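So the chains spell out like this:
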Amino acid sequence: MAAQPSPSIIERIAEKLKLIPNLHQDESPLMPLGPSGQLQNYPPPDQWDDWVEYEAKAWPRREKKHYMVIPTTCFNCEAGCGLLAYVEKSELKIRKLEGNPYHPGSRGRNCAKGPATINQVTDPDRILYPLRRKGDRGSGEWERVSWDEVLEDIAGRIRKALQEGRNNEIAYHVGRPGHEGYMDRILKAWGVDGHNSHTNVCSSGARFGYAIWQGYDRPSPDHANAEFILLVSAHLESGHYFNPHAQRIIEGMMKGAKLAVLDPRLSNTASMADYWLPTYPGSEAAVLLAMAKVILDEGMYDEAFLRDWVNWQEFLKKEYPDRPVTFENFIEGLKETYKDYTPEFAEQESGVPASTIVEVARQIGRAGKRFATHNWRSASSGNLGGWTVSRALHFLNVLTGSVGTEGGTSPNAWNKFKPTFFDNPPAHKFWNELHFPLEYPLAHFEMSFLLPHFLKEGRGRLDVYFTRVFNPVWTYPDGFSWIEVLRDPEKIGLHVALTPTWNETAYYADYVLPMGLAPERHDLISYETHSGTWIAFRQPVLREARRRMGKPVQFTYEANPGEVWEEDEFWIELSWKIDPDGSLGIREHFISPYRPGEKITIEEYYQYIFEHTPGLPEAAEKEGLTPLQYMQKYGAFEVEKTGYNKHTRKLSEAEMKGAKVDQETGLITRDGKPVGVMVNGEPMVGFPTPSRRQELYSQTMVDWGWPEYRLPTYIKSHIHPDNINREKGEFPLLPTFRLPVLIHSRSANAKWLVELAHRNPVWMHTSDAKRLGIKTGDLIRVYTDIGYFVDRVWVTEGVKPGVVVCSHHIGRWRRIQDKVGNRWATNVVEIKEEGDGKWRMRVLDGVRPFKSDDHDSLRIFWSDGGVHQNITFPVHPDPISGMHCWHQKVRIEKAQPGDRYGDVEVDTKKSFEVYKEWLSMTRPAPGPNGLRRPLWLNRPLRPAEDLFYVKK
Ligand code: SF4
């Protein structure tokens, strides 16, 4: 048992006087202190098979409970933190989930959403059995079906589509990913270009800015060892990998690092920073480029890194062709190029004082190689040209030589593990233009939020459409356009919603298939949370408990509550059924590597990966375990402690065999493809770009029709002050910030989380509220380009004057006809379709206490379910990155008589017009040589190379 602090004198006296029960009479001695002198916070692993705790609910009786402690991985955000599930042995029930100290990313710590997983498991409204639609789509009538019926029906439909060559009619659309290549392997085995994701409503802006520099599309900052940290995000409370990052940011700060944050909103992160730079939204790139200018002008750049690892010769030859190609001329040229990005210009754009910009720039220059940065969502996801923000931010890393260094910022792939699979199906032979249309050749990645418009335009149809833990009707912009296509069987033949919870999209499905939560499913996880590399194992803990007790089950749904299953096994069974006789060539990719000819089991799938994970077999052997048993026991493994400067890896003789070296540029190619670069006489692997260096000058941008963006630059946002008319009550609305305790649409089933946060007012600065005569609590109409929503105002100093913000987490709903679901958080609404694209939604009732097996459901004290704002936003696809530019130009008015909190009105005809407007900004493929997309830019589920060319 974990060590307890000694009882206090007052406790002892109270026990003696029998004022309270004697809690310490048979207490065992304290656990020995850990080597660092700290108390033990976690049960020691040698007791994980039989861990004893007192039952809290039995107090003051001292009732001992016996638990199995089984690790798994949180599923509530992308950080993939470790959890330990406490499984009560006599009833085989999960009683609580806490942190897993053996997880190298989270190190035993979680945010509120990790332990709240127990609420999701025990939620009285959860879906326990597979359901099939009975009435029309969206009618809310369902019947229970067996998993066998589900598999037969869906498999038959997919088989027919594949036999008829309609491979592009099969699509899988993922909301919450996190299973390291599992699904790509399935789709390749089926031979479909069917991967669609949520990336373009999330991170594609930032991804493109990074990718155009260095091929890698995400950063991996080494916060713990940094001297200066610059965040264009709120990483102490939200954002990708925020719990693992937050720990390390604080660690870095405790060692003396300074923190600067660019954010128009006073986030928790900004409030902890040494410098809060409340930028006007969309001006961030101007501020960062001004910092770059200061670093250049004051000679604070890292000459060696620039000389070796930046394509400066190319820059000089193209930008200043009449000058000799010398490094000195490059620096002079660079200074000339950026001469207009003065701190004063940045102040004019951003509202941040020039003196602060200079001060921060000098701190960055002084930190040099120990400069850690991150931009996730935030400005890069909000603005037209938002991708220039991460590009400008990375420019600072390049200038300071802090790319890949200790305390600097590495490419994400250096700290992320790639598993070895037992079987690799060949690249598929299809290119689905519903996901990668010609208009967006550089998009990172699928244009998923345009799907309704593409279907309406008749660009294609979907015969089988899987939504996986995905809720576009609610989380995406333009939700009514989604409803319009989801309910139309001509556009979508069969919609299968794989989801652990009811959601607004599942209401419009044909099948709703319950999938497991964190302790109810298998997945492999690896993320770039710090400078090391790790893997974590998500496992169904009740299934694992049964295995340990000698009562194994065949399928996970036999151990989970009801018949809740998991995708991993579902896909194996479905694939086997699609190809019953092996004639489609699918079944061969689902054969056990250990039992020839037999169907692979899920244990064997992971067994193979763990047996081929460097260092894991040896670590397991030391404990007398197999690699799979090791992961079942500890739930995580550190593959590499640190990984810096991987671009300097020397190419081996074997790698150089048959390679050619360009004498002028040093580029090393094999079979015409860049594989490395000569640096100081050594062949090194470099970065995965055409030059194998960091690309300050991008020939790709020139070749693909955007020469004006060949260098890091600043693009004025669609919500730039030039486009905002204050006289008319216009504001930029920032609708993207996350509340630390909520998930986009999967926390409405977690009572503790909803209790903590359940409303989303519009934040307005005191000065704006005064100007408009508005007070906290007043109702306002917020007009977008396609409609409006009615919300309350919160007047605060915590937001930049002239800007309004609203969190996107809240405003969940269900209609009267829908099955009850997420009652901790959902409003009951009425949706009216008024014809010609006009839709209205009105809240009929808020959140109410309800009777259930969970007594807390009668203790609900809040009634406010918030307001659904995203559904009033049109799509804003950035013409380059493909990112949905979330920020909105809105007009704010006081609410009108008859308006009610939560009212929404939308015209989907207008939303189609806005889509067309933004579409007209694109410069479509083909690019050079008839390419649909540059070959060197990444793409999920990459097809065979010949598919990259537009067929004549
Ligand atoms: S940060 Fe919180 S929600 Fe995300 S994985 Fe970690 S514990 Fe779960």
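A short tour of the structure in this document, coming up.

Calculation notes
Think of each chain on its own: its residues are numbered from 1, step by step along the sequence as written. This being a predicted model, a pLDDT of at least 70 is required before a residue's local features are given, and a value of 80 or more before pairs of side-chain atoms are given or counted; all residues contribute to the totals for chains, interfaces and linings. Side-chain descriptors were evaluated using all non-hydrogen atoms of the structure, hydrogens and water having been removed beforehand. By definition, any uninterrupted DSSP run of H or I lasting at least four residues is a helix, any uninterrupted run of E lasting at least two residues is a strand, and each is numbered from the N terminus. Based on C-alpha atoms, the radius of gyration is set beside the globule rule, defined as 2.2 Å times the residue count to the power 0.38. Think of it in three bands: with a 1.4 Å probe and only protein chains considered, a residue is buried below 20% of the maximum accessible area for its type, exposed above 50%, and partly exposed in between. Surface accessibility follows the Shrake-Rupley procedure with a 1.4 Å probe radius. Residue values consider only the protein chains on display as shielding. The charge count treats Lys and Arg as positive and Asp and Glu as negative. His and the chain ends do not count. Working definition for charges: the position is that of NZ of Lys, CZ of Arg, CG of Asp or CD of Glu. Lines fitted to C-alpha atoms define the axes, with helix axes restricted to the stretch in contact, and inter-axis angles between N-to-C directions lie between 0 and 180 degrees. Each angle gets one of four labels, with under 35 degrees taken as roughly parallel, over 145 as roughly antiparallel, 65 to 115 as roughly perpendicular, and the rest as oblique. In a left-handed crossing the near helix is turned counterclockwise from the far helix by less than a right angle, and in a right-handed crossing that turn is clockwise. We call two residues in contact whenever any of their non-hydrogen atoms come within 4.5 Å of each other. Under the convention adopted here, Pro, Cys and the residues Ala, Val, Leu, Ile, Met, Phe, Trp and Tyr are nonpolar, Asp, Glu, Lys and Arg are charged, and Gly plus all remaining residues are polar. Put simply, a residue is near a molecule or strand once any heavy atom of it comes within 4 Å of that molecule or strand. At least two DSSP bridges between two strands are required for those strands to pair. Only one rule defines a salt bridge in this text: a Lys or Arg side-chain nitrogen within 4 Å of an Asp or Glu carboxyl oxygen.

Moving on, we get to the overall build of the protein. Per the secondary structure count, the protein includes 28 helices and 34 strands. Against the globule reference of 30 Å for 952 residues, the protein gives a C-alpha radius of gyration of 28 Å, in line with a compact fold. Overall, the C-alpha framework of the protein stretches about 90 × 75 × 75 Å when taken along its three principal axes. Residues counted as buried form 63% of the 952 residues belonging to the protein. For the protein, the accessible area works out to roughly 34,500 Å², and carbon and sulfur atoms hold 50% of it. Each charge class in the protein can be summarised by its mean position, and for the 119 positive and 126 negative side chains these summaries are 2 Å apart.

What follows covers unusual backbone geometry. Cis geometry is adopted by the peptide bond preceding Pro-60, which originates at Trp-59 and carries an omega value of 10°. A cis amide bond, omega 10°, links Ala-925 with the succeeding residue Pro-926. Note that Pro-926 resides in the segment after helix H28 (908–919). Notably, Arg-692 is not glycine yet its phi reads approximately 60°, a positive angle.

Interaxial distance between helix H8 (residues 284–297) and helix H12 (residues 343–350) falls to 9 Å at its minimum, and their mutual angle equals 165°. Viewed along their axes, H8 and H12 adopt a mutual orientation that is roughly antiparallel. Two packed elements cross with a definite hand, and for H8 against H12 that hand is left-handed. Side by side, H8 and H12 meet where Ala-286, Val-287, Ala-290 and Val-294 of the first sit next to Pro-343, Phe-345, Ala-346, Glu-349 and Ser-350 of the second. Looking at the contact of H8 with H12 residue by residue, the classes come out as seven nonpolar, one polar and one charged.

For the rest of this paragraph, the subject is the site of the ligand. The environment of the ligand is formed by Cys-74, Asn-76, Cys-77, Ala-79, Gly-80, Cys-81, Asn-110, Cys-111, Lys-113, Gly-114, Phe-242 and Asn-243. Its residues placed into classes, the shell around the ligand shows six nonpolar, five polar and one charged.

This brings us to the sheet that holds strand E7 (residues 170–174). If you walk across this open sheet you meet the seven strands as E6-E5-E17-E16-E15-E7-E8, and the pairing is mixed. Edge positions in the sheet fall to strand E6 (142–144) and strand E8 (195–196), since each has one partner strand and no second. Alignment of strand E5 (residues 131–133) against E6, held across three bridges, turns out to be antiparallel. Paired with Arg-133 across the bridge in E6 is Trp-142. With respect to the sheet, helix H18 (residues 479–486) is in contact with E7, strand E15 (462–468) and strand E16 (492–499), its orientation differing from that of E16 by roughly 120°. Here helix H20 (residues 567–578) sits on the sheet in contact with E7, E15, E16 and strand E17 (511–514), set at roughly 155° to E15.

Turning next to the pattern of salt bridges. Applying the stated rule across the entire model yields 85 salt bridges. Close ionic contact of Arg-323 with Glu-336 constitutes a salt bridge, the shortest N to O distance being 3.1 Å. Of this pair, Arg-323 sits in the loop between helix H10 (312–319) and helix H11 (327–337) while Glu-336 sits in helix H11; the two residues are 13 residues apart in sequence, bridging distant segments of the chain. Asp-946 is the salt-bridge partner of Lys-429, the closest N and O atoms lying 3.8 Å from each other. A residue pair is termed long-range when its members are at least 10 positions apart, and Lys-429 in the loop between strand E14 (409–411) and helix H16 (451–456) and Asp-946 in the segment after H28 qualify at 517 residues. Within the structure, one salt-bridge network assembled from shared partners comprises Arg-157, Lys-160, Glu-164, Arg-166, Glu-169, Arg-461 and Asp-463.

Right, let's talk about the sheet that holds strand E4 (residues 93–99) for a bit. Taken together, the four strands give an open sheet; going across it, the order is E1-E2-E3-E4, and neighbouring strands pair in antiparallel fashion. Every other strand in the sheet has two partners, leaving strand E1 (51–54) and E4 as the edge strands with one partner each. Taken pair by pair, the neighbouring strands of this sheet meet at an average axis angle of 40°, ignoring direction. Along the sheet, helix H19 (residues 541–548) contacts strand E2 (64–73), strand E3 (82–88) and E4; its crossing angle with E2, the most-contacted strand, is approximately 120°.

For the rest of this paragraph, the subject is the environment of Ile-483. Looking at the secondary structure, you find Ile-483 in helix H18. Under the relative-accessibility criterion, Ile-483 is labelled buried at 1%. For Ile-483, the contacting residues outside a window of four places in its chain are Val-473, Tyr-508, Trp-813 and Trp-839.

Here we come to the environment of Met-684. Summarising the element assignment, Met-684 is placed in strand E24 (residues 682–684). The buried category is assigned to Met-684, whose relative accessible area is 11%. The spatial distance from the C-alpha of Met-684 to the C-alpha of Thr-72 is 39 Å, given a sequence separation of 612 residues. Filtering out sequence-adjacent residues up to four positions away, Met-684 remains in contact with Trp-309, His-647, Thr-648, Arg-649, Lys-650, Leu-651, Ile-668, Gly-676, Val-677 and Val-679.

By the alternation rule, side chains of strand E26 (residues 762–765) split into Val-762 and Met-764 and Trp-763 and His-765, which are all buried. Bridge count between E26 and strand E28 (residues 787–796): four bridges; the pairing is parallel. Within E28, the residue paired with Trp-763 across the bridge is Trp-794.

Geometry only, nothing functional implied.
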